[in-house]
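This is what each chain is made of:
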Amino acid sequence: MSAVRNLSPLYNPFMIQKILKYSLLLIIVSLLSSCTSKSKIVYLQDIDQAKTYEEALSYEPLLQADDLLSIIVFADNPEVTIPFNLPQIQGNYEIGNNQAGIKTYLIDNEGYIDFPILGLVKLGGLHRREANAKMVKLVSEYVRNPGINLRILNFKVSVLGEVMRPSSYTISGERVTLLEALSLAGDMTIYGKRHTILIIREINGVKSYHRVDITKSDFLNSPFYYLAQNDIVLVEPNRTKINSAGVGPNTGTILSSISILITIAVLIFK
């Protein structure tokens, strides 16, 4: 009993209050450190003040090396187009369950395709409409009033980093916006940095790197509102995600230990 009496003065309500106070403070600081402001999360925050951007309506992809093209020649007399519309010899290329068996053309590193009758034709470096007009001009030497249906079949973009489903995505059309690409990837996680999205673009073998802030409406006027084929979109993690990377696996253990210590302290000094 004497030993208990001698130790009892060391254990008093003030010590319990102190332990609880610092524990509560630790929990509050942890919660506050994970909070973030609206300015870092919401997209296109000043959209109401944005100006209309009509140039985006005329956007066309630029043909470049490794683009896979479908080029179909048509005319009033279908028989005269047969030499230009060769079947696919090895396998079939299908898109949307149609156009099966149509021969495709891969633009080589010099920008050329090898087209029936015409031979080597340089399309790399041209916009799709320019390439279409060029093919019409060349084919018109053999066919009266020809038409050309030219499409890019392997238009794809890659979305990596802090998104729900990072992957490469094949686009059925010939243009896709950055917001649409992020949507395909399931949108950004809460840890993604929305004001410094990195876009890696390669044109004619030259790579360029650009930062885009999608929290500002100026992004709509950016040349990177529409992505080019083979663009890579990289969403970087914010400071919260980076800081939690080292302690994340141990967070549960630390909080459990604190909880146990508080419980023991309360039981002892009850």
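Use the structure listed above.
Description of the structure in this document. (Residues numbered from 1 in each chain as written. Predicted model: local features only at pLDDT ≥ 70, side-chain atom pairs only at ≥ 80, totals over all residues. Heavy atoms only, no water.)

Of all hydrophobic cores here, the largest spans 44 residues; its most connected members are I71, F115, L123 and L182. Not counting residues within four places of it along the chain, the set of residues in contact with I71 comprises N85, Y105, I113, F115, L123, M135, I148, N149 and L150. (Core = buried A, V, L, I, M, F, W, Y, C linked by side-chain atoms within 4.5 Å. Buried < 20%, exposed > 50% of the residue type's maximum accessible area, 1.4 Å probe, protein only. Contact = heavy atoms within 4.5 Å.)

With that out of the way, let us pick up the pattern of salt bridges. Charged atoms that come close allow side chains of opposite charge to pair. If you walk through the whole model with that rule in mind, you get seven salt bridges. Between R129 and E60 there is a salt bridge, with the nearest N and O atoms lying 3.5 Å from each other. Taken together, the residues span a long stretch of sequence, with R129 in helix α3 (residues 128–139) and E60 in the loop between α2 (13–33) and β1 (68–74) at a distance of 69 residues. Relative accessible area serves as the criterion here: at 58%, R129 is assigned to the exposed category. By relative accessible area, E60 is classed as buried at 18%. Residues K193 and E236 are paired through a salt bridge, measuring 4.0 Å at the closest nitrogen-oxygen approach. With K193 in the loop between α4 (178–184) and β9 (197–203) and E236 in the loop between β12 (232–235) and α5 (239–268), this pair connects stretches of sequence that are 43 residues apart. Relative accessible area serves as the criterion here: at 24%, K193 is assigned to the partly exposed category. The class for E236 is partly exposed, based on a relative accessible area of 21%. It is possible to trace a salt-bridge network through shared partners that takes in E60, R128, R129 and E174. (Salt bridge = Lys/Arg side-chain N within 4 Å of Asp/Glu carboxyl O. Helix = DSSP H or I, 4+ residues; strand = E, 2+ residues; numbered from the N terminus.)

Let us now look at the sheet that holds β12. Adjacent strands of a sheet form backbone hydrogen bonds with each other and so pair up, either parallel or antiparallel. Taken together, the five strands give an open sheet; going across it, the order is β7-β6-β12-β9-β10, and neighbouring strands pair in mixed fashion. Looking along the sheet, the strands with just one partner apiece sit at the ends: β7 (167–170) and β10 (206–212). Geometrically, the sheet is characterised by an average inter-axis angle of 20° between neighbouring strands, direction not taken into account. Sheet topology note: the β9/β10 ladder contains seven bridges and is antiparallel. Note on β10: the bridge partner recorded for I199 is H210. (Pairing = 2+ DSSP bridges. Axes fitted to C-alpha atoms, helices over the stretch in contact; angles between N-to-C directions.)

The next thing to look at is the packing of aromatic side chains. Enumeration according to the criterion identifies five aromatic pairs in this entry. An angle of 45° between the planes, with centres 5.0 Å apart, marks the rings of Y105 and F115 as tilted. Taken together, the residues span a long stretch of sequence, with Y105 in strand β2 (residues 104–106) and F115 in strand β3 (residues 112–115) at a distance of ten residues. Residues Y105 and F115 agree in their burial class; the two are buried. On the numbers, 5.1 Å between centres and 80° between planes, the contact of Y225 with Y226 is edge-to-face. (Phe/Tyr/Trp six-rings, centres within 6.5 Å; stacked < 30°, edge-to-face > 60°.)

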